[in-house]
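Given next are the chains, with one letter for each unit.
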Amino acid sequence: MGTAIRTGVVLIMAWLMVLVTGKIQEIKRVPRRELFFISLSGIATGASWLCYYKALQDGPASVVVPIDKLSILVTVAFSFFVFHEKLSKKSAIGLVMIVAGTLSMLIV
């Protein structure tokens with residue numbers, strides 16, 4: 001229930017930002033293919049939340065949360081291999097620090 005309420009608030013805030021910035025008319029210009037992939041992204045996010053909450057029901061948060069946070073590695077790898085994005089030295093150092101901090105939560 002909490003997630004549904006939170007998501008509703010985020011939905012309202014997102015549309016408020018669209019209205020405040022005057023971008024509402026641009027919705028007609030979004031190509032159908034992009035709408036399709038944006039929708040798939042939303043479905044994937046929802047599925048991810050379901051898996052996350054199921055994992056929290058079945059296991060301790062001290063183990064589940066760090067594993068979830070390591071998903072940043074998947075995101076960076078995906079952007080590198082699929083979108084051919086470069087990883088700057090500064091970003092790489094930040095990524096290493098995030099991973100090290102997350103792993104330290106599992107070890108300690």
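This report concerns the structure included in the present document. Numbering of residues starts from 1 in each chain and follows the order in which that chain's sequence is written. With pLDDT at 70 or above as the cut-off, local features in this predicted model cover only qualifying residues; side-chain atom pairs require 80 or more to be listed or tallied, and sums for whole chains, interfaces and linings still use all residues. Think of the side-chain values as coming from all heavy atoms in the structure, minus any hydrogens and water.

Topic: the environment of tryptophan 15
As a reminder, the rule being used: A run of H or I in DSSP becomes a helix once it reaches four residues, and a run of E becomes a strand once it reaches two; helices and strands are each numbered from the N terminus. Working definition: with a 1.4 Å probe on protein chains only, accessible area under 20% of the residue-type maximum means buried, over 50% means exposed, and in between means partly exposed. By definition, residues are in contact when any of their heavy atoms lie within 4.5 Å.
Among the structural elements, tryptophan 15 can be located in helix H1 (residues 2–20). By relative accessible area, tryptophan 15 is classed as partly exposed at 39%. Other than its neighbours up to four places away in sequence, tryptophan 15 contacts Ile24 and Ile27.

Topic: a nonpolar patch on the surface
The following threshold applies: Every patch collects residues that have over 30% relative accessible area and no salt bridge, joining them within 9 Å if they carry like charges and within 5 Å if they are nonpolar side chains (Val, Leu, Ile, Met, Phe, Trp, Tyr). Per-residue and other accessible areas follow the Shrake-Rupley method at a 1.4 Å probe size, with only the shown protein chains counted as cover for residues. Each salt bridge in this description consists of a side-chain nitrogen of Lys or Arg and a carboxyl oxygen of Asp or Glu lying within 4 Å of one another.
Together, Met1, Ile5, Val9, Ile12, Met13, Leu16 and Val20 make up a nonpolar patch on the protein surface, roughly 760 Å² of accessible area in all. Structurally, the position occupied by methionine 13 is in helix H1.

Some details on the side chain of serine 79
Counting through the fold element by element, serine 79 comes out in helix H4 (residues 71–81). You can call serine 79 buried: its relative accessible area is 16%.

Let's talk about the packing of aromatic side chains
What counts, and what does not: Two aromatic rings, drawn from Phe, Tyr or Trp (for Trp, its six-membered ring), form a pair once their centres lie within 6.5 Å of each other, and the interplanar angle then sorts them: stacked below 30 degrees, edge-to-face above 60, tilted otherwise.
Inspection of the entire model under this criterion finds four aromatic pairs. On the basis of an interplanar angle of 70 degrees and a centroid distance of 5.3 Å, the ring pair of phenylalanine 36 and phenylalanine 37 is categorised as edge-to-face. Classification of phenylalanine 36 by relative accessible area gives partly exposed; the value is 47%. Plain terms: the ring middles of phenylalanine 78 and phenylalanine 83 are 5.5 Å apart, the flat faces sit at 80 degrees to each other, and that makes the pair edge-to-face. Taking relative accessible area as the criterion, phenylalanine 83 reaches 51% and is therefore assigned exposed.

Observations concerning the pattern of salt bridges
Following the criterion strictly, the structure yields three salt bridges and no others. Two residues, lysine 23 and glutamate 26, come together in a salt bridge whose shortest N-O distance is 3.8 Å. Aspartate 58 is the salt-bridge partner of lysine 54, the closest N and O atoms lying 3.4 Å from each other. In this pair, lysine 54 and aspartate 58 both sit in helix H2 (residues 32–58), four residues apart, roughly one turn of the helix. Under the relative-accessibility criterion, lysine 54 is labelled partly exposed at 45%.

Points about the packing of H2 against helix H3 (residues 61–69)
Basically, it comes down to this: Convention adopted: a line fitted to C-alpha atoms gives each axis, helices being fitted over their contacting stretch, and angles between N-to-C directions are expressed from 0 to 180 degrees. Under this scheme an angle from 65 to 115 degrees is roughly perpendicular, one under 35 degrees roughly parallel, and one over 145 degrees roughly antiparallel; angles in between are oblique. Two helices that cross are described as forming a left-handed crossing if the nearer one is turned anticlockwise from the farther one by less than a right angle, and a right-handed crossing if clockwise. All residues other than Ala, Val, Leu, Ile, Met, Phe, Trp, Tyr, Cys, Pro, Asp, Glu, Lys and Arg, Gly among them, are scored as polar; the first ten of these are nonpolar and the last four charged.
Here H2 crosses H3 at 155 degrees, and the two axes come no closer than 8 Å. In terms of axis orientation, H2 runs roughly antiparallel to H3. Of the two possible hands of crossing, H2 and H3 adopt the one that is right-handed. Together, Tyr52, Ala55 and Leu56 of H2 and Ala61, Val64, Val65 and Asp68 of H3 make up the contact between the two elements. Across the contact of H2 with H3, the residue classes break down as six nonpolar, no polar and one charged.

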